[in-house]
Amino acid sequence: MKTYSSLIINRQKVSPLLISSTLCCILLLSFRIKYTNTSYFLFLVWNLFLAGIPFLLSTYLLSISNISKTKVAFTSILWLLFLPNAPYIVTDLYHLRLSAAHLVWLDALVIFSFAGVGVLLFYISLCDMYSVWCKLITKQFAVSLIYCTCFLSGFGIYLGRFLRYNSWEILSNPIPLLQDCLAFFLAPKTHSDFWAFTLVTGCVLSVGFYAFKKIMITTK
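What you see is a predicted model; the values in this text were computed from it and never measured.

**Student:** Lay out unusual backbone geometry with the relevant residues and their values.
**Tutor:** One non-glycine residue, N37, lies in positive phi territory at about 60 degrees. Mapped onto the fold, N37 is located in the loop between α1 (11-36) and α2 (43-63). The class for N37 is exposed, based on a relative accessible area of 69%. Positive phi outside glycine occurs at R164, with the angle close to 65 degrees. Following the sequence through the fold, R164 ends up in the loop between α6 (139-161) and α7 (169-172).

**Student:** Can you tell me about the packing of α2 against helix α5 (residues 104-134), naming the residues and giving the values?
**Tutor:** Taken N-terminus to C-terminus, the directions of α2 and α5 make an angle of 15 degrees; their axes are 9 Å apart at the nearest point. Between α2 and α5, the angle is such that the two are roughly parallel. Every pair of crossing elements has a handedness; the one defined by α2 and α5 is left-handed. Between α2, through L44, V45, L48, A51, G52, P54, F55, S58, T59, L61 and L62, and α5, the contact on the second element is made entirely by V110, I111, F114, V117, G118, L121, I124, S125, D128, M129, S131 and V132. Grouping the amino acids of the contact of α2 with α5 by side-chain chemistry returns 16 nonpolar, 6 polar and 1 charged.

**Student:** Which residues make up the UniProt feature "transmembrane region" (unreviewed entry) in the chain, and what values go with them?
**Tutor:** The UniProt record annotates "transmembrane region" (unreviewed entry) at residues 14-33, 39-60, 72-90, 102-124, 136-159 and 194-212. Helix and strand shares over residues 39-60 are 82% and 0% respectively, and the end C-alpha atoms of the span are 34 Å apart. Span residues 194-212 is 100% helix and 0% strand, its end C-alpha atoms 26 Å apart.

**Student:** Mind laying out the nonpolar core, listing which residues take part and the relevant values?
**Tutor:** Core analysis: the biggest nonpolar cluster contains 46 residues, and F114, L126 and W133 have the highest contact counts within it. Listing elements by their share of this core, those giving two or more residues are α1, α2, α3 (69-82), α5, α6 and α9 (192-218). It is α5 that provides the largest number of residues to this core, a total of 17 residues. Discounting residues that sit within four places of it in the chain, F114 has contacts with C25, I26, L29, L44, V45, L48 and I89. In this structure, L159, C181, F184 and F194 belong to the second largest nonpolar core, which totals 8 residues.

**Student:** Give me the lowdown on the layout of surface pockets, citing residues and values where you can.
**Tutor:** The space that makes up the largest pocket amounts to roughly 820 Å³. Forming the walls of the largest pocket are 35 residues, and the residues nearest its centre are L81, P84, F155, G156 and L159. Of all the elements in the fold, those that place two or more residues in the lining of the largest pocket are α2, α3, α4 (85-88), α6, α8 (174-186) and α9. For the lining of the largest pocket, the leading source of residues is α6, giving 9 residues. In terms of residue class, the lining of the largest pocket is built from 23 nonpolar, 9 polar and 3 charged.

**Student:** Which residues make up the packing of aromatic side chains, and what are the values?
**Tutor:** Tallied over the entire structure, the rule returns 21 aromatic pairs. Aromatic pair Y123 and F212: ring centres 5.7 Å apart, planes at 25 degrees, arrangement stacked. Of this pair, Y123 sits in helix α5 while F212 sits in helix α9, and the two are 89 residues apart along the sequence. When sorted by exposure, Y123 lands in the same class as F212, which is buried. For the pair Y158 and F162, a centre-to-centre distance of 4.8 Å together with 40 degrees between the ring planes defines the contact as tilted. You can call Y158 buried: its relative accessible area is 12%. For F162, a relative accessible area of 45% puts it in the partly exposed group. Members of the aromatic cluster, connected to one another through ring pairs, are F155, Y158, F162, F184, F185, F194, W195 and F197.

**Student:** I'd like a rundown of the environment of W46, residues and numbers included.
**Tutor:** Structurally, W46 can be placed in helix α2. A relative accessible area of 45% places W46 in the partly exposed class. For W46 and P176, which are 130 residues apart along the polypeptide, the C-alpha to C-alpha distance reads 24 Å.

**Student:** Could you give an account of the packing of α2 against α3, naming the residues involved and the relevant values?
**Tutor:** Put simply, α2 and α3 touch, their axes get as near as 8 Å, and they point 165 degrees apart. Considering the angle they form, α2 stands roughly antiparallel to α3. Where α2 crosses over α3, the two elements pack in a sense that is left-handed. Touching L50, I53, P54, L57, S58, Y60 and L61 of α2 are K71, V72, T75, S76, L78, W79 and F82, all from α3. The class makeup of the residues in the contact of α2 with α3 is 10 nonpolar, 3 polar and 1 charged.

The rules behind each value
- Residues numbered from 1 in each chain as written.
- Predicted model: local features only at pLDDT ≥ 70, side-chain atom pairs only at ≥ 80, totals over all residues.
- Heavy atoms only, no water.
- Helix = DSSP H or I, 4+ residues; strand = E, 2+ residues; numbered from the N terminus.
- Buried < 20%, exposed > 50% of the residue type's maximum accessible area, 1.4 Å probe, protein only.
- Axes fitted to C-alpha atoms, helices over the stretch in contact; angles between N-to-C directions.
- Parallel < 35°, antiparallel > 145°, perpendicular 65-115°, else oblique.
- Left-handed = near helix turned anticlockwise from the far one by under 90°.
- Contact = heavy atoms within 4.5 Å.
- Nonpolar A, V, L, I, M, F, W, Y, C, P; charged D, E, K, R; others polar.
- UniProt positions renumbered as here; feature names shortened; annotations may be inferred.
- Core = buried A, V, L, I, M, F, W, Y, C linked by side-chain atoms within 4.5 Å.
- 1 Å grid on protein atoms, 1.4 Å probe; cavity = no way out; pocket = protein on both sides within 12 Å on 5 of 7 lines; lining within 4 Å.
- Points joined across faces, edges and corners; volume = space filled by probe spheres on them.
- Phe/Tyr/Trp six-rings, centres within 6.5 Å; stacked < 30°, edge-to-face > 60°.

Printed below as a string of structure tokens:
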């Protein structure tokens, strides 16, 4: 029977993939900047940096053999706050509406390349946390947490894309953030777009994790 240990990503294989993919993104963006004489898509570099934070946090937890539940819980909360930044990059396709007709192909390639790395970081980090949690709790509970995380990520992506909140505003600007979040639950019919986005995105991310997990098990 497969155990959680079969889902631990081999960093010797993953690290070169992530590094080379990131370099390809940077080179493609550099070409776009040179070709258009504009630096409009530089924000993608920052978004990819934010996407790497949860990956670094999960890698840190995975590297520790004996770790307390308190440290895992605290790091998991911090990880969850930054995790939506990884799949969030996919929504940067929104900016294609501002692209000139003759540049749509190039802009789409740039965004898709960054989004691809972001999604890869997201699923690797999810698998890492699944492995960490399985050391402390039951496998079934860990699976439930992972799928809840997928829907919470959809929640976070909506807050970032449409309400323009950042991960750190839960500390720097908590009152307006809390008020907006409560409004979603107190008046759900008024915020049907939020619920549709969160549920659909959560389902897509959940299916993606299931597929990614199966691939990692079969290719172990």
